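Close look at the chain arrangement
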Protein chains: 2
Amino acid sequence: MPMDSRLEELAFEAAHDHSACVREALSAAAAICEERGVRLTPVRRRVLELVWSSHQAVKAYDLMAQMQGEMAQAAKPPTVYRALDFLMEQGLVHRVDSLNAYVGCPTPGRTHREQLLICTECGAVGEMEDPAVAHALGEAASRAGFSVQRQTVELQGICGACQSV
Amino acid sequence: MPMDSRLEELAFEAAHDHSACVREALSAAAAICEERGVRLTPVRRRVLELVWSSHQAVKAYDLMAQMQGEMAQAAKPPTVYRALDFLMEQGLVHRVDSLNAYVGCPTPGRTHREQLLICTECGAVGEMEDPAVAHALGEAASRAGFSVQRQTVELQGICGACQSV
DNA sequence: AAGTCGAACGTTATATTGTTACACTGCACG
DNA sequence: CGTGCAGTGTAACAATATAACGTTCGACTT
Ligand SMILES: [Zn+2]
Ligand SMILES: [Zn+2]
Ligand SMILES: [Zn+2]
Ligand SMILES: [Zn+2]
């Protein structure tokens, strides 16, 4: 069982063997679901695969469009949204609020307070989990008397690959 | 011209003279628009006033509903969205991405990289601008080779007022 | 084997949020 | 006066998401 976090590094790599990313994400997901006793059904698996079809965030209706014809009938909104809800509950996918879109988590299995990096040039979405950021946020919030339950941190900017063009 | 940042403190104050918040926000907006040579038209002013009708984030279609009948005709979506776009450009209002809603900025006039605090109990939305957070985010992003242009930071949790109930 | 239950999925309709396109008005400016 | 342009009105539509309810199917009980 690999389960390394190599995927974390790849979002902004211009060229890499992306089919390996997909394979790795799917096999990690299968292992996690197995371990938790939840079911990675064909619909859920297919949605996860399509979310991972690039390192960009994917729109729900684009997923539907890609699933036209390949399931028995056309995939309707509830089918896709239910699958996305499941994948998010299991931490396999994150929602990108500032884009109304969804991206595969490169480090599933451990819960985390991730910070997303969204390249406005190439659309790639990376993810980091910086303890100093989490600490600074917690400190600042508690000075304001605020008790944090969840965080949404999304940075828009230019990724390394796009800067070096 | 007051232009203090007292408003910043009030989002989570259980009881306060909120009509003063509204007055202050509107007069600050008028001053800022005057100074910049942009027009705070009646539509824009009314939208800003309604956004400030509480310290909660307000939905665009709720604004429309409240404007029914008071303008010549019913307010249609483009009217409200154009006003919101203007107010956001001028930094008088922020969009809360995680809620698809809009909140008045308590410290307009200076551009800032704000962090929003959203109480899941009472719905109030406060705002802070913590240098340590900004610094940690910048550091972490640049270690990832990422050049930040904009940030979306929204913390969901329980505000001081709701904790002490 | 038959019954029961609940998770997953299908289906239809609807709700919510936001945009496009184009016409009209009124004021600033020559 | 025209002329242009910012602001607004209006109609239609696009994009995103949820509600409500029925069906299927396998696990478990009896
Ligand atoms: Zn890849
Ligand atoms: Zn890029
Ligand atoms: Zn107030
Ligand atoms: Zn509260």
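Located above this text is the structure these notes cover.
Notes on the structure follow.

Attention now goes to the packing of helix α2 (residues 42–51) of chain A against helix α4 (residues 77–89) of chain A. All names here are of chain A. Between α2 and α4, whose axes approach to 9 Å, the crossing angle comes to 80 degrees. Relative to α4, the element α2 lies roughly perpendicular. Here α2 contributes Val 43, Arg 44, Val 47, Leu 48 and Val 51 to the contact with α4, which in turn contributes Thr 79, Ala 83, Leu 84, Phe 86 and Leu 87.

Moving on: the coordination of the zinc ion (ligand 1). Those donors, His 16 of chain A (NE2), His 18 of chain A (ND1), Cys 21 of chain A (SG) and His 55 of chain A (NE2), are the protein atoms that reach the zinc ion (ligand 1), and they lie 1.9 to 2.3 Å from it. Around the zinc ion (ligand 1), the 4 donor atoms are arranged such that angles at the metal cover 104 to 116 degrees; this shape is classified as tetrahedral.

One open sheet holds the 6 strands; their spatial order is β4(A)-β3(A)-β5(A)-β5(B)-β3(B)-β4(B), and the pairing between them is mixed. Of all the strands in the sheet, the pair left with one neighbour each is β4 (125–128) of chain A together with β4 (125–128) of chain B. Averaged over all pairs of adjacent strands, the angle between their axes in this sheet comes to 20 degrees, without regard to strand direction. Two elements, strand β3 (residues 115–119) of chain A and β4 of chain A, share 4 bridges in a ladder whose sense is antiparallel. Its bridge partner lying in β4 of chain A, Ile 118 of chain A is registered against Val 125 of chain A.

Right, let's get into the coordination of the zinc ion (ligand 4). Residues and elements named next belong to chain B. Around the zinc ion (ligand 4), the donor atoms from the protein are Cys 119 (SG), Cys 122 (SG), Cys 159 (SG) and Cys 162 (SG), and they sit 2.2 to 2.4 Å away. For the zinc ion (ligand 4), the 4 donor atoms in the first shell make angles of 104 to 119 degrees at the metal, so the coordination geometry reads as tetrahedral. Spacing between the donor residues of the zinc ion (ligand 4) along the chain follows C-x2-C-x36-C-x2-C. Here the residue Cys 119 occupies a position in strand β3 (residues 115–119), and Cys 162 occupies one in helix α6 (residues 160–163), the gap between them amounting to 43 residues. Of the two residues, Cys 119 and Cys 162, both sit in the buried class.

Under the criterion given, the structure shown has 0 disulfides over all chains. No disulfide involves Cys 105 of chain B; its sulfur sits 13 Å from the nearest other cysteine sulfur, which is in Cys 33 of chain B.

Rules and cut-offs
Residues numbered from 1 in each chain as written. Chains lettered and ligands numbered in written order. Predicted model: local features only at pLDDT ≥ 70, side-chain atom pairs only at ≥ 80, totals over all residues. Heavy atoms only, no water. Axes fitted to C-alpha atoms, helices over the stretch in contact; angles between N-to-C directions. Helix = DSSP H or I, 4+ residues; strand = E, 2+ residues; numbered from the N terminus. Parallel < 35°, antiparallel > 145°, perpendicular 65-115°, else oblique. Contact = heavy atoms within 4.5 Å. Donors = N, O, S within 2.8 Å, 3.2 Å for Na, K, Ca; no water. Tetrahedral: all angles 85-135°; square planar, octahedral: opposite > 155°, others 65-115°. Pairing = 2+ DSSP bridges. Buried < 20%, exposed > 50% of the residue type's maximum accessible area, 1.4 Å probe, protein only. Disulfide = S-S within 2.5 Å.

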